[in-house]
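# Remarks on the overall topology
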Amino acid sequence: MKKGKNYLHLLLAFMGMLMLLCAGMTVSASERPRVRINNVDYVFYKNEQGKKPVAIAYIDDVRGSNLPTELYIPKKIKYKKKKYEVESFVWGDLEEYKYTTAIGQEPDKPYWRPNVAIPDKKHSYQACLKKITFAKGVLVYGPAYGYEKLKYVVFEDPNDLREARFYNCPKLKRLHFTKNYYWDWDYQSFDIKNCPSLKMTIDKKHKYLKMVGNDICSKDGTRLDNVVSGKKNYKVPKGVKEISAHAFWGNTAIETLQVRKTGLCGIYGLPNLKRIKMGKEYGNEYLFLSIKYTPPIKRLNIPEDVRYVYIQEEAGDSEINHIYLYSKNLKGGDLRRASVKTTFHVRNKKVEKKLRKFGFKGKIVIEKNMK
């Protein structure tokens, strides 16, 4: 009997612990309320050690008729006679601005979705904020989307910039990556588009990245990672052999793209792209057409030295209306999967026959004096 009572006590104790655990899980899973202090929202919690009260700062949901045009995010705040250390600042939720599908994020579809509606934008910081300064120790994350008047993002400690995701911030002036700015292939910590006034700089001691003009490239200059602003007529920097999937995504400035000695793999998400030109230095390498998520390309120029033309199964879903092939002779190719909506413009019958041999079934126009 005594033994049975002991089992009962143990069972009741276990059930009590389970109820407490479930209650704790419910609280932790629920969204913590935001508290507004000096026109900035804060979420309070305890750090990983569970001892120190800390806070995360936000401004994405703040609305008001007379919001300040300049903000200072302090390292310490006080609320109800209790002091909190501000650990980080988050511009917004990336999920609101990126492409998603039924199975999640597509590997070749990076983040920016155009024309995301900002609720009550007229009374938001996106409409009025000109300058924001972060106290030393406040780590900055998240996407800054559509801050139309933002000019200055100031860090008391530049190492506190942990993510640089800026889209459509047309007046933003400067941004700097220190030698400690974190980046690796699996975690792309930056994506900067449609910021035409921005002057980007990267510390020369950074191990993996460097600036080439106003583009972010790999340290050796062979990979193009991000076209920060771009021009109407944009040339891929010399030495680039690889273009990352997010390098162009969402850039609205580029209409004509000149590719140097590199394949076309990675030309994704250029909404206003009309023309592609292959530079003379392209050599006689084969042409691999992989152009995705763009409107129909009006014209693609392939220089005279190219001898191999391939359109493979992996090619994207963007149509090319006219391909101007300046070569007088071809050595190899595979055009069985090329769209019949494409028209090839060639300089002689020899090239026309080769295109048919490679499996092209669309229209071919011979222009001896092709411009």
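Calculation rules
Residues numbered from 1 in each chain as written. Predicted model: local features only at pLDDT ≥ 70, side-chain atom pairs only at ≥ 80, totals over all residues. Heavy atoms only, no water. Helix = DSSP H or I, 4+ residues; strand = E, 2+ residues; numbered from the N terminus. Buried < 20%, exposed > 50% of the residue type's maximum accessible area, 1.4 Å probe, protein only. Contact = heavy atoms within 4.5 Å. Areas by Shrake-Rupley, 256 points an atom, 1.4 Å probe, with all protein chains shown as cover. Phe/Tyr/Trp six-rings, centres within 6.5 Å; stacked < 30°, edge-to-face > 60°. Lys NZ or Arg CZ within 6 Å of the ring centre and 35° of its normal. Pairing = 2+ DSSP bridges. Core = buried A, V, L, I, M, F, W, Y, C linked by side-chain atoms within 4.5 Å. Axes fitted to C-alpha atoms, helices over the stretch in contact; angles between N-to-C directions. Polar contact = N/O pair within 3.5 Å; in protein donor to acceptor, adjacent residues only side chain to side chain.

### Focus on the overall build of the protein chain
In terms of regular secondary structure, the protein chain is built from three helices and 30 strands. Counting every position in the protein chain, which comprises 371 residues, the buried fraction comes to 47%. Of the contacts made within the protein chain by residues no fewer than 6 positions apart, 45% connect residues no fewer than 24 positions apart. Accessible surface, the protein chain as shown: approximately 20300 Å² in total, 52% of it carbon and sulfur.

### Some details on the side chain of His345
Of note, His345 is situated in strand S29 (residues 343-346). Once you skip the residues sitting within four places of it in the chain, His345 turns out to touch His322, Ile323, Tyr324, Leu325, Val365, Glu367 and Met370.

### Section: the packing of aromatic side chains
One pass over the structure, following the stated rule, counts 15 aromatic pairs. On the basis of an interplanar angle of 20° and a centroid distance of 4.0 Å, the ring pair of Phe44 and Tyr84 is categorised as stacked. A residue pair is termed long-range when its members are at least 10 positions apart, and Phe44 in strand S2 (residues 40-46) and Tyr84 in strand S6 (residues 82-90) qualify at 40 residues. Given the relative accessible area of 17%, Phe44 is considered buried. Judged by relative accessible area, which is 11%, Tyr84 ranks as buried. Clustering of aromatic rings is evident, with ring pairs tying together Phe89, Trp91, Phe134, Tyr147, Phe155 and Phe166. The aromatic ring of Tyr58 is capped on one face by Arg34, whose charged end is 3.9 Å from the ring centroid. For the cation-ring pair, Arg299 lies above Tyr324, with the distance from its terminal atom to the ring centre recorded as 3.5 Å.

### Regarding the sheet that holds strand S15 (residues 209-212)
Pairing is mixed across the open sheet formed by four strands, whose spatial order is S15-S16-S17-S19. Looking at strand neighbours, the two that pair on one side only are S15 and strand S19 (242-243), the edges of this open sheet. In terms of strand pairing, strand S17 (residues 223-227) meets S19 through two bridges, oriented parallel. Paired with Arg223 across the bridge in S19 is Glu242.

### Section: the nonpolar core
In terms of nonpolar packing, the biggest core is built from 49 residues, with Trp91, Phe166, Phe177 and Ile192 touching the most fellow members. Among all residues touching Ile192, those that are not within four sequence positions of it are Ala164, Phe166, Leu175, Phe177, Leu198, Met200, Ile216, Asn226, Val227 and Val228. With 37 residues, the next largest nonpolar core counts Leu270, Met278, Ile320 and Phe358 among its residues.

### So, the sheet that holds strand S22 (residues 275-278)
As summarised here, the arrangement of the seven strands in space is S18-S20-S22-S25-S27-S29-S30, forming an open sheet in which the pairing is parallel. Edge strands, defined here as strands with exactly one partner in the open sheet, are strand S18 (233-235) and strand S30 (363-366). Strand-to-strand twist in this sheet, taken as the mean axis angle between neighbours without regard to direction, amounts to 15°. Here S29 pairs with S30 via four bridges, running parallel.

### Points about the pairing of strand S25 (residues 297-302)
With five of six residues buried, S25 lies mostly within the body of the structure. Direction of pairing for S22 relative to S25: parallel, over a ladder of three bridges. For Lys277, the partnering residue across the bridge sits in S25 and is Asn301. Pairing of S25 with strand S27 (residues 320-325) involves five bridges; the strand directions are parallel. From the neighbouring strand, Ile302 faces S27, where its bridge partner is Leu325.

### Here's the deal with helix H3 (residues 349-357)
The N-cap residue of H3 is Asn348: its side-chain oxygen and the backbone nitrogen of Lys350 are 3.2 Å apart. One or two residues past the end of H3 sits Gly359, with phi positive at roughly 105°.

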